[in-house]
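An overview of the molecular structure
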Amino acid sequence: MNTIEGRIGGIVDLILSDYSQGRDIDRVELSRQPDKAAVTEIVNKLLGIVYPGYRRDKHYRVYNVKHNLSMLIEDAMYNLSEQIAIALTAHPHWAEADRETVQQKAGELTTTFFTRIPQVRALAQTDVEAAYQGDPAAKSLDEIIFSYPGLFAITVHRLAHELYLLDVPIVPRMMNEYAHGLTGVDIHPGATIGHHFFMDHGTGIVIGETTCIGNHVRIYQGVTLGSLTTRGGQNLRGTKRHPTIEDRVTIYAGASILGGETVIGAGTVVGSNAFIISSVGPNMTVQSKAQELRLRQRQESSEY
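The paragraphs below set out a description of the structure included in this document.

Analysis parameters
Residues numbered from 1 in each chain as written. Predicted model: local features only at pLDDT ≥ 70, side-chain atom pairs only at ≥ 80, totals over all residues. Heavy atoms only, no water. Helix = DSSP H or I, 4+ residues; strand = E, 2+ residues; numbered from the N terminus. Buried < 20%, exposed > 50% of the residue type's maximum accessible area, 1.4 Å probe, protein only. Contact = heavy atoms within 4.5 Å. Areas by Shrake-Rupley, 256 points an atom, 1.4 Å probe, with all protein chains shown as cover. Lys, Arg positive; Asp, Glu negative; His and termini not counted. Charge placed at Lys NZ, Arg CZ, Asp CG, Glu CD. Axes fitted to C-alpha atoms, helices over the stretch in contact; angles between N-to-C directions. Left-handed = near helix turned anticlockwise from the far one by under 90°. Nonpolar A, V, L, I, M, F, W, Y, C, P; charged D, E, K, R; others polar. Core = buried A, V, L, I, M, F, W, Y, C linked by side-chain atoms within 4.5 Å. Patch = residues over 30% accessible without salt bridge, like charges linked within 9 Å, V, L, I, M, F, W, Y side chains within 5 Å. Salt bridge = Lys/Arg side-chain N within 4 Å of Asp/Glu carboxyl O. Parallel < 35°, antiparallel > 145°, perpendicular 65-115°, else oblique. Pairing = 2+ DSSP bridges.

Description of the overall build of the chain
- Of the regular secondary structure elements, the chain holds eight helices and 14 strands.
- Based on the C-alpha atoms only, the size of the chain along its principal axes is roughly 65 × 60 × 50 Å.
- Looking at the chain residue by residue over its 304 residues, the buried ones come to 41%.
- For the chain, contacts bridging at least 24 residues in sequence account for 46% of all contacts bridging at least 6.
- Summed over its atoms, the accessible surface of the chain is roughly 18400 Å², and 53% of this surface lies on carbon and sulfur atoms.
- Positive and negative side-chain charges of the chain, numbering 28 and 33 respectively, have mean locations separated by a distance of 5 Å.

Right, dumping it as C-alpha cells:
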C-alpha cells in the first residue's frame, strides 16, 4: 500500500464500497441518464438552425443551403431523439415501457418539436429587434446576434420551452442550465415569455418556472422574478408561484418581484432595487426610497 498504485487501489475500493449504499447519488448506469455533452452539442446545432448565417458548422464543406440544412437537421433530430428516449426511460411513467415504444414516442416528440422551430425563429427575430431598439450601445443587428448574452439565453429558452410544453423530462432544464452557465441568466424552461423580449446585460437575471411575461418587456441585470416562499417544497408543485409581468413593462437592475399572485400592470416602470410582493397597477412608476449616504473626510496618510 506504500506505492502509488496501492494507494489508488485502496481508494478505488473505498469509493466503490460507498457507491453500494443505495442513495440517489449512487447511480452508475450512465446510459439511463441524458448526456450533458450531447445536449450541449444539440443546443448549438439548434442555434445553427435558428441563426443559419451566424453559426456555420465547419464540418459541412458543401456550400449549399439545402444540403447543409438537411445534414444539420438530420444530425440534430437523431441526437435529440436519442436523448429524449433516455430521459423518458428515467421518468416513472415510461420506466416499464419497452425500448421500441419509448423510441417511437421520442421520435414523435422530436418531429413535433422541429415543426415548431419556425415559430421560435419568428420570436427570435422580435427579440433581436427589441435588443437593437432598446440598447443605444448596439451598433448593428449582427453585433447583437453574435455577442449579446441575453439574446443567447432567451433563444435557448424559447427552444427549451417548446420541449417543456411537450412534457419532455430533464432535457429542457439541461438546455437552459447550459445557457445559464455561459450567461448568468437563469430562466426555468416553464416560464412563458412573449415577443420582443430584451434582457439588457443579462447577468444575474432569475426567472422562475411559473412566471408569465407579456410582450415588449425589458429587464436589466440582477432582476429576480421569483417565488415568495419555497417552504412548501414539493407541495407547491403545479401552483402559480411566480409573478405575472404584463405588456410594455420595464424592470431596472436589482429589482425583485415575488409571488404567484403578484401582477405588474402594463406600461409600468419598476425602478432599481425595488422589492415588490403585491400587485402594481398599469402605467405606474415604482421606486424604492433612496438609501441615506454618509460621507466623512478621510485623514491624509502616506500609507497605501
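Still more ground to cover, so stick around.
Here we look at the packing of helix H2 (residues 36-50) against helix H3 (residues 65-89)
- Packing of H2 against H3 brings their axes to within 10 Å, and their N-to-C directions diverge by 145°. Seen along the crossing, H2 lies across H3 with a hand that is left-handed. Counted together, Ala38, Val39, Ile42, Lys45, Gly48 and Ile49 of H2 and Leu69, Leu72, Ile73, Asp75, Ala76, Asn79, Leu80 and Gln83 of H3 form the full contact between these two elements.
- Partitioning the contact of H2 with H3 into residue classes produces nine nonpolar, three polar and two charged.

Some words on the nonpolar core
- Counting 71 residues, the largest nonpolar core has Met175, Ile207 and Ile251 as the members making the most contacts within it.
- Within the residue set of this core, elements represented by two or more residues are H2, H3, helix H4 (99-115), helix H5 (117-134), helix H6 (141-147), helix H7 (149-165), helix H8 (171-183) and strand S3 (198-200).
- Ranked by residues supplied to this core, first place goes to H7 with eight residues.
- Leave out the neighbours within four places in its chain, and Ile251 touches Arg218, Ile219, Tyr220, Val223, Leu225, Ile245, Ile257 and Val270.

A word on a nonpolar patch on the surface
- Residues Ile4, Ile8, Ile11, Val12, Leu14, Ile15, Leu16 and Tyr19 make up a contiguous nonpolar surface patch of about 760 Å² in total accessible area.
- Mapped onto the elements, Ile8 comes out in helix H1 (residues 4-19).

Topic: the packing of H2 against H8
- Where H2 contacts H8, the two axes come as close as 10 Å, and the packing angle between them is 75°. One finds that H2 runs roughly perpendicular with respect to H8. Contact residues: H2 offers Lys36, Val39, Thr40, Val43, Asn44 and Leu46, while H8 offers Val171, Met174, Met175 and Tyr178.
- When its residues are assigned to classes, the contact of H2 with H8 shows seven nonpolar, two polar and one charged.

A word on the environment of Ile251
- Inspection of the secondary structure assignment puts Ile251 in strand S9 (residues 250-251).
- Owing to a relative accessible area of 0%, Ile251 belongs among the buried residues under this scheme.

Some thoughts on the sheet that holds strand S14 (residues 285-286)
- If you walk across this open sheet you meet the five strands as S3-S6-S9-S12-S14, and the pairing is parallel. Edge strands, defined here as strands with exactly one partner in the open sheet, are S3 and S14.
- Here S3 pairs with strand S6 (residues 218-220) via three bridges, running parallel. Paired with Phe198 across the strands is Arg218, a residue of S6.

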